[in-house]
There are 12 protein chains.
Amino acid sequence: MTMVRSTLPESALRVTGDALQETLVDLLGLSLIGKQAHWNIVGPRFRSIHLQLDEVVSTARSYADQVAERAAALGVAPDGRPETVAARFALPGTKEGWLRDNDVVRLLVEALTTAIGRLRERIEATEEADKVSQDLLISLTAELEKQRWMFEAENWPREDA
Amino acid sequence: MTMVRSTLPESALRVTGDALQETLVDLLGLSLIGKQAHWNIVGPRFRSIHLQLDEVVSTARSYADQVAERAAALGVAPDGRPETVAARFALPGTKEGWLRDNDVVRLLVEALTTAIGRLRERIEATEEADKVSQDLLISLTAELEKQRWMFEAENWPREDA
Amino acid sequence: MTMVRSTLPESALRVTGDALQETLVDLLGLSLIGKQAHWNIVGPRFRSIHLQLDEVVSTARSYADQVAERAAALGVAPDGRPETVAARFALPGTKEGWLRDNDVVRLLVEALTTAIGRLRERIEATEEADKVSQDLLISLTAELEKQRWMFEAENWPREDA
Amino acid sequence: MTMVRSTLPESALRVTGDALQETLVDLLGLSLIGKQAHWNIVGPRFRSIHLQLDEVVSTARSYADQVAERAAALGVAPDGRPETVAARFALPGTKEGWLRDNDVVRLLVEALTTAIGRLRERIEATEEADKVSQDLLISLTAELEKQRWMFEAENWPREDA
Amino acid sequence: MTMVRSTLPESALRVTGDALQETLVDLLGLSLIGKQAHWNIVGPRFRSIHLQLDEVVSTARSYADQVAERAAALGVAPDGRPETVAARFALPGTKEGWLRDNDVVRLLVEALTTAIGRLRERIEATEEADKVSQDLLISLTAELEKQRWMFEAENWPREDA
Amino acid sequence: MTMVRSTLPESALRVTGDALQETLVDLLGLSLIGKQAHWNIVGPRFRSIHLQLDEVVSTARSYADQVAERAAALGVAPDGRPETVAARFALPGTKEGWLRDNDVVRLLVEALTTAIGRLRERIEATEEADKVSQDLLISLTAELEKQRWMFEAENWPREDA
Amino acid sequence: MTMVRSTLPESALRVTGDALQETLVDLLGLSLIGKQAHWNIVGPRFRSIHLQLDEVVSTARSYADQVAERAAALGVAPDGRPETVAARFALPGTKEGWLRDNDVVRLLVEALTTAIGRLRERIEATEEADKVSQDLLISLTAELEKQRWMFEAENWPREDA
Amino acid sequence: MTMVRSTLPESALRVTGDALQETLVDLLGLSLIGKQAHWNIVGPRFRSIHLQLDEVVSTARSYADQVAERAAALGVAPDGRPETVAARFALPGTKEGWLRDNDVVRLLVEALTTAIGRLRERIEATEEADKVSQDLLISLTAELEKQRWMFEAENWPREDA
Amino acid sequence: MTMVRSTLPESALRVTGDALQETLVDLLGLSLIGKQAHWNIVGPRFRSIHLQLDEVVSTARSYADQVAERAAALGVAPDGRPETVAARFALPGTKEGWLRDNDVVRLLVEALTTAIGRLRERIEATEEADKVSQDLLISLTAELEKQRWMFEAENWPREDA
Amino acid sequence: MTMVRSTLPESALRVTGDALQETLVDLLGLSLIGKQAHWNIVGPRFRSIHLQLDEVVSTARSYADQVAERAAALGVAPDGRPETVAARFALPGTKEGWLRDNDVVRLLVEALTTAIGRLRERIEATEEADKVSQDLLISLTAELEKQRWMFEAENWPREDA
Amino acid sequence: MTMVRSTLPESALRVTGDALQETLVDLLGLSLIGKQAHWNIVGPRFRSIHLQLDEVVSTARSYADQVAERAAALGVAPDGRPETVAARFALPGTKEGWLRDNDVVRLLVEALTTAIGRLRERIEATEEADKVSQDLLISLTAELEKQRWMFEAENWPREDA
Amino acid sequence: MTMVRSTLPESALRVTGDALQETLVDLLGLSLIGKQAHWNIVGPRFRSIHLQLDEVVSTARSYADQVAERAAALGVAPDGRPETVAARFALPGTKEGWLRDNDVVRLLVEALTTAIGRLRERIEATEEADKVSQDLLISLTAELEKQRWMFEAENWPREDA
């Protein structure tokens, strides 16, 4: 028995529901590792990165809420329980303990680059299925690409550059 | 090599660090299941409980930040990574999918009751070790007991009553 | 003689103008029945639904303004006069007099579901004609689907479920 | 069966209920034609009148809410449905399409003058029946007379002057 | 010796002073039983009524202040001491201990109905004596009738209906 | 030729217009002597009275604006020019130069008492002519009586008491 | 049958419940006599003390709410009804009618001194029973001692000094 | 006997005191005629000029306060009584009754031009006497010149141009 | 060597980068000529257009920032230097010196119409290349079309109409 | 080696640097004795003076920051260390312990008079050296003279008057 | 034909007009290169300098507006068109493309130093011509010198130091 | 003769008074050296540390006020005069003149570590004497340990690490 009925047809719903559920896990995981770095960072750039990380966390939390409520609005029960986040989180994570500031910057560039790549695939996937959900994923991508640029810009000179 | 030196002696530090780390996991887990219920609740009391759950989440997130920064301030690296939260979370959790409103109320009473019981033990444990951390745990307990009362009050008539 | 010249070619303008004009009537009508229910609701869920209805009205009014100004910006005079709203309003309406709370919830689920179905057709229709107007309809749909979910969630257990 | 019981005796209730219901229709209609003019006005005074009209709409909406809730508070179910507003609206209305700025000013002077005349009769009628409702109609009249003066002042030189 | 001289003649002063003093006691008592119910309510409607009661208390406190300062402004020393409130409070009170949500709603309907009846008599009494004080009593009555309607609306279905 | 047409009949207009014009002069004059005292007061109660006087000025300015706009709204051109205020001001004024704090308190008691006496006559006069203007004068009187009480209360012990 | 279950063992609960209930009565009584003095004070220090008394009332009301909700959170139904406050209020009260400013200052010093003495005993009593409630009483004491100092400081020169 | 002693030598004080006293009268008079025009203006530019005049009044009142407090700060008792303002006001005034919008614009250009000319003389006069007061007159001149420009700019095409 | 790496493939990057760079120049130029008109406008509509122009400038500046940061986020260095803006600005400009109000309105209609036409081409161009950038251009177009409508509406009667 | 290079020539720099450094010490000292009096004052005027002193402290702190940053901006390292403030503070100080209210008023008049005299000399000294710093000293003097007037006005009747 | 007449004599006007026009170009150019650096900066100090540059841009824009409106107020049409800014901008500019953080800091020190040197000459030039404009240039210089110090302070150790 | 009577017994008062007085000096000194570093810091981390130091100063000032008012509330006159702060300040101070950014970070770690050590002793000392004062010292310690951690975290790599 469905508790919340959908306004989307079945197949469109499956595609959209998957895209939103995966995005939810990415964002909840990102908010946890963002806070982890916020608390454990050390080094001369501490304060600057410490503050910047809270903007990542704030973005991740706010979009997680929008994405999960969008899933619910379509009749798909979102899953953001601790065990789900831990089991399905697919972005680069972080080791235990104190983290040097330069390592944090590199970690964020990598995590955000991975998240963006995954989002761009879901933008394609939802084009036909649900333009409304696609629109939400587009605005999330814009925000994450902006934050990725800032970490990339301060990641310079890069080791590979 | 310790990156952040402590202002506490070694044994006091161990007791306090454990109390804070366990509290951090309780709070991060509570914020995740609070949001899970916020998104998945159904039933005539939807709106009222939906809003009340966001106050629980907001409390849990704000105190998680204070507790983790308190640990860091004492020279203990806090651990709030997804895998840590999933592995060590010890409060009652929730099943997947839609949740009926009465069940959500009961879940919150149980989760908060368990959290409070664990906190009262840590308040005892930190009495000697660090009064400053104890004070933080006391004010967190006051807040969670207030929120527990509200769910308890609307959990009436109880099945066992 | 055209008073405000359009930045769109003729045929695109006709499609877009129709989509916007119909949406305007849906929203003005929705704001009126939303207020009607806000004032006439009775039953134990009075306060919760009473407040929630004001959010529907606020959304409807704000988007009515954006939709009408978008029409004007394209050179189409919008029509939101009382006689037009009454004659062309196509969502489920409400009877005169006091309304029971459960009936109000069901009414809103139905009215919002109808409005969303009509909007999804207009999103298709404007894809070629005017992406800018389409974008406005998409964000309106997202908002109405969110509000529909909330009424649907508190409409449970449904009579047909 | 009465759902909301009244604190007024029967005959006083009928007089007061009629006065409030008619005022509600005047105000809802005024808010719709105010917005209609806000969107369709053209001419060199566009911006100035466009902004002023939103103040009329804001006043009309705010008092419509107070008047309807006053009726409900007395045990009379208010009726503000689209079909009621269209059928019973008795103020001068407006034609379809773009409106020249000078015509809008004249329209507002006339609509507000008519509304005020009707209100002054209801102030007399409610003197004995319900001083509390009378007080609300007095403060509404003060506000509409102020707005009427402003349109009258910028309606000068008048054609008949 | 009079400490604050009055701007009213003697007999008008006596009538007005009595009306204000009695209203002050009604309001202070109402604020106390409103808070009592705010703290002791249990049942599934807990959160909704708990919040609504704070609006009653806030209204009662704010008008108590205006009424007492109005008395002082006329040269009558207002009396709001604990013993006076307890001795002269004439609205329905509440029993000790926890209160079920439905009982709280019924209690508020009764207390507010009684208060309104008493106020309407004082509005008559002050018509000749002091129109300025009458105006204050009228606006207080409007506010209490609005709050009474809300409890009445959610008191439905009534036992006697 | 009348520039702004009235919504009142001729004789009611004359009575109301006079009441408003006289009140306007009282308030503009009061705002000037209030500021004069605000600037020239000396003595140990300087700061307390200095601040209190600004509340009188603020009240006087705000009501002067409402009263003048009310006159204009009725089609009576208000007159608040410097020469008019000086020629027709009928409240007790103040001498040139520094003013002792106790003298300022007495001055304000007298000026406000006179203003209130004049207002109470105009409230009677406008009862038939225009209830809307009467309502404005009533609320102004309430405010001035409150401010008069405060100066009276701190004027104690009085020389004549 | 207990409606709200406690997180405290029975004996600790009794000690804590008594401390909170007595504090609640002290604070509600204090808020009533604070307002009584706020309205009835006369003398040259009127304005200064009049404003200061509202800070006492505001503190008393805010802590009364926290104390009563703390009791409820522990499963003890708080009692703040008019008859309870009048019967159990144990601080120095005030006579009827106008009050001279110096007498008000002395009254507040005495009432606050008594309240603080009673609170210090309850801080001792709850040390073992409930550190969380003790923490609330400590912060209340700090606030009342600050307010007492201010009245004491302006009570100088004292008759006994 | 001087009540407030000066921090300036006698001759500098006389020059500065005169400059401030004359400026005070200019500003109080300007605030009165600004309001007079605000209330009595008619014509198609009503709303635009009506709002702009309130900015002139607000500037005049705010600087009148600064100028008068500056005089008091130097030990010169400022004089802003109604009779003083009427007797010494030297800017162009306005006739009684309704004012056409174009005439209001011209009046303001003239009044502000005169005021600025007088201020520039006082800036010269206070250069030696008191640089602190000079600074206040300079910032006032900047503000009035800005407001004069705006009326001048909308006074175009001018009759003499 | 690339300092900021892109999340887009090479050819999509070139198309998107060009669209953003050209939009940046349009917006910076628009902000400069908007301010130029804001300062140099004369005529009876001065105040109304003067204020409206600041909204254009504010929009242009805010979107210039978003567009440039979007380019940087994609790894394209934006170019908004004075010499670049002057050399590549392709909207209608304005002559030196004072500008009559009607001319300003016409200028803005033309400048905004040109800007919108160019934006609609870039919306097409970026459809395939980068939906995220396209979304930003769409919302900018919506805003400029709204502002163009307002100037068009007050440009009536048009010389060619 | 100079760390921050100056934009002023050497001799102008010396004069200006000295003026700023001395002003910094005056202001830091003033903020400390202002707080000292704020905490230690006793007597019937306690509350009024207690609040007024915080305005002095707030002014002193805000200008100290501006003055020190002005020095740094010119390439002069400001010195506000505890030992410097204690050694070079040249305004009248205060004794240890409680302070009677009248004595506090006198102390502030004296301290502010001395500070103003010293500032007037520095205004002269910086006229040639740096008009920008002079401007800061002028606005500080205006503020201190205003605060001195207020204490002087409430210092009346003076012992020597 | 002059559209806006001046309050200054001819020769003073020419000197002042030139000073204001040149300052306008400096500020508009500075706002453009400030934004250019804000967008193109890379390196570990990215975030810190990125934020600081927005304060420079905000200052430059705000003062450009004041300076241009000051020119207009004096009857001189200000010129801030793109071609004018590009042709007459005389501060050090920046190259195209990404900019390293250390280079940005050096660029800002140089640009601000040049701007300040030019302003100090104009402060001299306007001393006789117009003290009101001079005052504006003085406060602008104070602000730019403060911002220059901050970049200078973080430019250390300098290559030439 | 004691001016403010204490609510504590003599010996408890002495212990508590000493703890508060010493803390007051620590905090006032810390606020002065924090500002000194805020003004004199140079180096590439200027902006980041410059801002962080203002948070230390703000904390120090706010707690100094609470600590001093707590002393006064207990009947102990607090001493924060310049000479007292200079003579008794026991934290590490700073040399005159410009300060390199790394040195500032090290200085703050040391000063805060010292302050925290002293506070922990006073927390022990006041356990018996006055729990209310102890509570204030505990929350101050929590705040300073948080700020110390931040400086410690950015002090890495340490010379001794």
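Residues numbered from 1 in each chain as written. Chains lettered and ligands numbered in written order. Predicted model: local features only at pLDDT ≥ 70, side-chain atom pairs only at ≥ 80, totals over all residues. Heavy atoms only, no water.

Where an unreviewed UniProt entry is consulted, chain A appears under the name Dps family protein, with the organism given as Streptomyces heilongjiangensis. What the UniProt record of chain A gives under Sequence similarities (unreviewed entry) is the line "Belongs to the Dps family." (UniProt positions renumbered as here; feature names shortened; annotations may be inferred.)

J.: Could you give an account of the relation of the copies chain B and chain A, with specific residues and numbers?
T.: In screw terms, the move from chain B to chain A is a rotation of 180° and a rise of 0.0 Å along the axis, fitting with an RMSD of 0.0 Å. Put plainly, the chains are arranged around a two-fold axis. Of every C-alpha in chain B, the one belonging to B:Ala86 sits nearest the axis of rotation, 3.0 Å from it. Looking at chain B, 100% of its interface residues are interface residues in chain A too, so the copies touch through the same face. (Least-squares fit on C-alpha atoms with pLDDT ≥ 70 in both. Contact = heavy atoms within 4.5 Å.)

J.: Can you explain the UniProt feature "domain: Ferritin/DPS" (unreviewed entry) in chain A? Please cite residues and give values.
T.: Taking the UniProt record as the reference, the feature "domain: Ferritin/DPS" (unreviewed entry) is found at residues 18–153 of chain A. As annotated, residues 18–153 of chain A comprises 81% helix and 3% strand, and the C-alpha atoms at either end are separated by 33 Å. (Helix = DSSP H or I, 4+ residues; strand = E, 2+ residues; numbered from the N terminus.)

J.: Can you explain the relation of the copies chain A and chain C? Please cite residues and give values.
T.: Take chain A, turn it by 120°, move it 0.0 Å along the axis, and it overlays chain C with an RMSD of 0.0 Å. Considering both components of the superposition, the chain copies are consistent with a three-fold axis. Relative to the rotation axis, the closest C-alpha in chain A is found at A:Asp135, a distance of 4.9 Å.

J.: Explain the packing of helix 2 (residues 46–73) of chain B against helix 5 (residues 131–153) of chain B to me, using residue names and the numbers behind them.
T.: Residue and element names in this part refer to chain B. Across the interface, helix 2 lies against helix 5 with an axial gap of 11 Å and an inter-helix angle of 170°. With respect to each other, helix 2 and helix 5 are oriented roughly antiparallel. Contact residues: Ile49, Gln52, Leu53, Glu55, Val56, Thr59, Tyr63, Gln66, Val67 and Arg70 in helix 2; Val132, Ser133, Leu136, Ser139, Leu140, Glu143, Leu144, Gln147, Met150 and Phe151 in helix 5. Considering only residue class, the contact of helix 2 with helix 5 consists of eleven nonpolar, six polar and three charged. (Axes fitted to C-alpha atoms, helices over the stretch in contact; angles between N-to-C directions. Parallel < 35°, antiparallel > 145°, perpendicular 65-115°, else oblique. Nonpolar A, V, L, I, M, F, W, Y, C, P; charged D, E, K, R; others polar.)

J.: Which residues make up the packing of aromatic side chains, and what are the values?
T.: For the structure on display, the rule yields twelve aromatic pairs over all chains. For the pair B:Phe46 and C:Trp149, a centre-to-centre distance of 5.7 Å together with 75° between the ring planes defines the contact as edge-to-face. Placement of B:Phe46 in helix 2 and of C:Trp149 in helix 5 (residues 131–153) is noted, with the two residues assigned to different chains. Accessibility assignment for this pair places B:Phe46 and C:Trp149 in one class, buried. (Phe/Tyr/Trp six-rings, centres within 6.5 Å; stacked < 30°, edge-to-face > 60°. Buried < 20%, exposed > 50% of the residue type's maximum accessible area, 1.4 Å probe, protein only.)

J.: Tell me what's going on with unusual backbone geometry, and back it up with residues and numbers.
T.: Note the cis peptide between F:Trp156 and F:Pro157, where omega equals 0°. Here F:Pro157 shows up in the segment after helix 5 (131–153).

J.: Help me get a handle on the arrangement of the chains, residues and values and all.
T.: Nothing in chain A touches chain J, and the closest approach of their C-alpha atoms is 21 Å. The least C-alpha distance between chain E and chain L, which are not in contact, is 26 Å.

J.: Run through the pattern of salt bridges, naming residues and quoting values.
T.: Applying the stated criterion to the full structure yields 219 salt bridges over all chains. Note that E:Lys35 and G:Asp65 form a salt bridge whose closest N and O atoms lie 2.7 Å from each other. Of this pair, E:Lys35 sits in helix 1 (residues 10–40) while G:Asp65 sits in helix 2 (residues 46–74), placing the two residues on different chains. For G:Asp65, a relative accessible area of 17% puts it in the buried group. With a shortest N-O distance of 4.0 Å, G:Lys131 and G:Glu127 are connected by a salt bridge. The two residues G:Lys131 and G:Glu127 agree in class, both being buried. Each of the salt bridges in this network shares a partner with another, and the network as a whole consists of A:Glu127, A:Lys131, C:Glu127, C:Lys131, I:Glu127 and I:Lys131. (Salt bridge = Lys/Arg side-chain N within 4 Å of Asp/Glu carboxyl O.)

J.: Explain the packing of helix 4 (residues 101–129) of chain L against helix 5 (residues 131–153) of chain L to me, using residue names and the numbers behind them.
T.: Residues and elements named next belong to chain L. The contact between helix 4 and helix 5 brings their axes to 9 Å, and the two run at 160°. In terms of orientation, helix 4 and helix 5 fall into the roughly antiparallel class. Viewed along their axes, helix 4 and helix 5 form a crossing whose handedness is left-handed. Of the residues in the contact of helix 4 with helix 5, the class split is 14 nonpolar, five polar and seven charged. (Left-handed = near helix turned anticlockwise from the far one by under 90°.)

J.: Describe in detail the side chain of B:Thr16, supporting the description with residues and values.
T.: Residues and elements named next belong to chain B. In this fold, Thr16 is placed in helix 1 (residues 10–40). Given a relative accessible area of 0%, Thr16 falls into the buried group. There is a polar contact of 2.7 Å between the side chain of Thr16 and the backbone oxygen of Ala12. Not counting the four nearest positions on each side in its chain, Thr16 is found in contact with Leu8, Leu74, Thr126, Ala129, Asp130 and Ser133. (Polar contact = N/O pair within 3.5 Å; in protein donor to acceptor, adjacent residues only side chain to side chain.)

J.: I'd like a rundown of the confidence of the model for chain A, residues and numbers included.
T.: Summing up the model confidence of chain A, the mean pLDDT is 96 and the portion of residues at 70 or higher is 98%. As scored by the predictor, the complex reaches a pTM of 0.96 and an ipTM of 0.96. (pLDDT = per-residue confidence, 0-100.)

J.: How would you summarise the interface of chain A and chain C if you had to cite specific residues and measurements?
T.: Accessible area lost upon the coming together of the parts serves often as the stated size of an interface. Across the contact, 16 residues belong to chain A and 22 residues belong to chain C. Both sides together, the interface formed by chain A and chain C hides about 1600 Å², and carbon and sulfur atoms give 56% of it. The largest per-residue losses of area from chain A upon contact with chain C belong to A:Arg5, A:Thr7 and A:Lys131, which jointly make up 35% of the total buried on that side. Residues C:Glu145 and A:Arg70 are paired through a salt bridge, measuring 2.5 Å at the closest nitrogen-oxygen approach. Between chain A and chain C we count eight residue pairs in polar contact (both at pLDDT 80 or more) in total. Breaking the side of chain A that touches chain C down by element, the ones donating at least two residues are helix 2 (46–73) and helix 5 (131–153) of chain A. (Buried area = accessible area lost by both parts, 1.4 Å probe.)

J.: Outline the interface of chain B and chain A, listing residues and values.
T.: On the side of chain A, 38 residues touch chain B, which itself brings 38 residues to the contact. Carbon and sulfur atoms make up 67% of the surface buried where chain B meets chain A, a total of about 3200 Å² over both sides. The largest share of the area that chain B buries against chain A comes from B:Met3, B:Trp39 and B:Trp98, three residues that together contribute 24% of it. Our count for the chain B to chain A interface comes out at two salt bridges. If you look at where chain B meets chain A, you find 14 residue pairs in polar contact (both at pLDDT 80 or more). Looking at the side of chain B that touches chain A, the elements that each hand over two or more residues are helix 1, helix 2 and helix 3 (82–88) of chain B. Per-element tally for the side of chain B that touches chain A: the top contributor is helix 1 of chain B, with ten residues.

J.: Which residues make up the layout of surface pockets, and what values go with them?
T.: Picture a little ball the size of a water molecule; that probe, rolled over the atoms, points out where space is still empty. The volume enclosed by the largest pocket comes to roughly 560 Å³. Taken together, 27 residues line the largest pocket, and the ones lying closest to its centre are D:Pro44, D:Arg45, I:Arg45, I:Asn102 and I:Glu154. Where the lining of the largest pocket is concerned, the elements lending two or more residues are helix 2 (46–74) and helix 4 (101–129) of chain H together with helix 2 (46–73) and helix 4 (101–129) of chain I. Per-element accounting of the lining of the largest pocket gives the leading share, six residues, to helix 4 of chain I. (1 Å grid on protein atoms, 1.4 Å probe; cavity = no way out; pocket = protein on both sides within 12 Å on 5 of 7 lines; lining within 4 Å. Points joined across faces, edges and corners; volume = space filled by probe spheres on them.)

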